[in-house]
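Coordinate inspection notes
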Amino acid sequence: MTKLTPAAKKKLRARSRLVHLGRDAEASQGFVNVPPYRGSTVLYPNVETLKNRSQRYTYGTHGTPTTEALCEAWTSISGAAGTVLVPSGLAAIIVAMTTALSAGDHFLVTDAAYQPARVYCDTILKRMGVETTYYDPAIGAGIEALMRDNTRAVFVEAPGSQSLDMQDVPAIAAVAKSRGACVVMDNTWATPLFFSPHAHGVDLAVEAGTKYLSGHSDLLLGLVTANQEWFPRLHRTVDALAIPPGPEDAFLALRGLRTMELRLKEAERQALSLARWLKERPEVLRVIHPALEDCPGHAIWKRDFFGSSGLFSIVLKPVSDQAVAALLDSLQLFGMGYSWGGYESLVIPFDCTKYRTATRWAPGGPTLRFSVGLEDIEDLKEDLDRGFVRLAAAA
Ligand SMILES: *Cc1c(COP(=O)(O)O)cnc(C)c1O
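Report on the accompanying structure.

Definitions and cut-offs
Residues numbered from 1 in each chain as written. Predicted model: local features only at pLDDT ≥ 70, side-chain atom pairs only at ≥ 80, totals over all residues. Heavy atoms only, no water. Helix = DSSP H or I, 4+ residues; strand = E, 2+ residues; numbered from the N terminus. Buried < 20%, exposed > 50% of the residue type's maximum accessible area, 1.4 Å probe, protein only. Pairing = 2+ DSSP bridges. Axes fitted to C-alpha atoms, helices over the stretch in contact; angles between N-to-C directions. Left-handed = near helix turned anticlockwise from the far one by under 90°. Contact = heavy atoms within 4.5 Å. Nonpolar A, V, L, I, M, F, W, Y, C, P; charged D, E, K, R; others polar. Arc of directions from axis to C-beta. Polar contact = N/O pair within 3.5 Å; in protein donor to acceptor, adjacent residues only side chain to side chain. Salt bridge = Lys/Arg side-chain N within 4 Å of Asp/Glu carboxyl O.

On to the environment of L204. Tracing the chain through its elements places L204 in strand β6 (residues 204–208). Judged by its relative accessible area of 0%, L204 falls in the buried class.

What follows is the structure, encoded as structure tokens:
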């Protein structure tokens, strides 16, 4: 076998890159995978190297061969200048925001952002002198009207958490760029395989590796990628914060990376099948899935995205909370719990009215979010079929 040069690896298609990037059999004594390097101290061969820190690995908090392997691969599939790793998706959001903002700055955040991200804006950023304004996710180029002289960053998430509002990222990014503001995006739903954030004007892109990169609900990890302009500042920020992920989590994420495309494509296929089936159900008022033709935001999704993931929401026709609980409590294959993107199917009820401040969310009935896993789709439909019988009985 002839060793692939870094240049040759770059030319590979995404799927091949997922298999070959971040692996060096020579460095791993011939073994296929990079092992989980555990370590604090890294030894230096002499005083000069120690003083200048002039070697690849310098200390446990600054990266190991395991984390470097994951960063190399993620940077490549993201079309970024570099990647940093942190112990959770939320930590990745916080690192990105902290990279972009300083005291006295104004921050624009989509009203459909992952809710815990708002907590950081409304508490710590506020205390540090950053003012946050939430905006309508559908604002597009209209964001211009909200820009102030001190607006230093705009946060986007497409589609948004739970309500899956699509956003015109290039339009928002163009305005932000013209005003010198940093564009931060939570790209967890699509992953870099289905949306290329940096090609659409995003400066800092966040991914909860906890979701599809892991794929097995057994780790927490966050990744932030940056373009050339922002990577040095991102790197300095994460170095100052000193919050590396655990070695085992980085190793498991690297393992997840090898099959991520397969799992994501299957989740997409399964979710579309279930979404179309749910659309025909008499109990369902509306299905919110950007890849469905009649979903608001579908045109933008079609223009900018390469695929859709396994996460979507539905609105039920008005029924009592009791009836919804009867449906959910009776399910045998769909688990109930936070997080998503694993091999197992999940469903949760949600209520955006609890935290939205810039827009009024009035779906017209109870709302549920599905994360579709890898079970046989017919079994999943039968499980829901039985659940709908329970719902009707309780209504
Ligand atoms: C889950 C999630 C996060 C946070 O990831 P954790 O690893 O659970 O902290 C961030 N953004 C989105 C969109 C998510 O769904």
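So much for the structure itself; the text now carries on.
The next thing to look at is the pairing of strand β2 (residues 106–110). In terms of burial, β2 is a largely internal element, five of the five residues being buried. Residues of β2 alternate between two faces, with H106, L108 and T110 on one and F107 and V109 on the opposite face, all of them buried. In this sheet, strand β3 (residues 131–135) lies alongside β2 in parallel orientation, the contact comprising five bridges. The residue bridging V109 from the neighbouring strand is Y134, located in β3.

Our focus in this paragraph is the packing of helix α4 (residues 65–78) against helix α10 (residues 247–279). Each packed pair of helices is defined by two parameters, the angle between the axes and the distance between the axes. For the pair α4 and α10, interaxial distance at closest approach is 9 Å and the crossing angle is 35°. With respect to the hand of their crossing, α4 and α10 are arranged in left-handed fashion. Of the residues in α10, those touching α4 at T66, T67, A69, L70, A73, W74 and I77 are P247, A250, F251, A253, L254, L257 and M260. In terms of residue class, the contact of α4 with α10 is made up of twelve nonpolar, two polar and no charged.

Our next topic: the sheet that holds β3. Read across the sheet, seven strands follow the order β1-β7-β6-β5-β4-β2-β3 without closing on themselves; strand pairing throughout is mixed. Two strands lie at the open edges of the sheet, namely β1 (82–86) and β3, each paired on one side alone. For this sheet the average axis-to-axis angle between neighbouring strands, irrespective of direction, equals 20°. By the bridge criterion, five bridges tie strand β4 (residues 151–157) to strand β5 (residues 182–186) in an arrangement that is parallel.

Here we take up helix α7 (residues 169–178). Among the residues making up α7, those that are buried are V169, I172, A173, V175 and A176. In an axial view of α7, the angular spread of the buried residues amounts to 160°, which keeps them on one side of the axis. Where the residues of α7 are buried, they touch β3, β4 and β5. For α7, the capping residue at the N-terminal end is D168, with a side-chain oxygen 3.2 Å from the backbone nitrogen of A171. Downstream of α7 by a residue or two, G180 has a phi angle that is positive, lying close to 75°.

Let's shift gears to the pattern of salt bridges. Side-chain pairing between opposite charges can occur once the charged atoms of the two side chains come close. Under the defined criterion, the tally for this structure stands at 20 salt bridges. The partner of E248 in a salt bridge is R38, and the shortest N-O contact between them spans 3.4 Å. Of this pair, E248 sits in helix α10 while R38 is found in the loop between α2 (14–20) and α3 (47–52), placing the two residues 210 residues apart along the sequence. Through salt bridges with shared partners, a single ionic network connects K3, D24 and E26.

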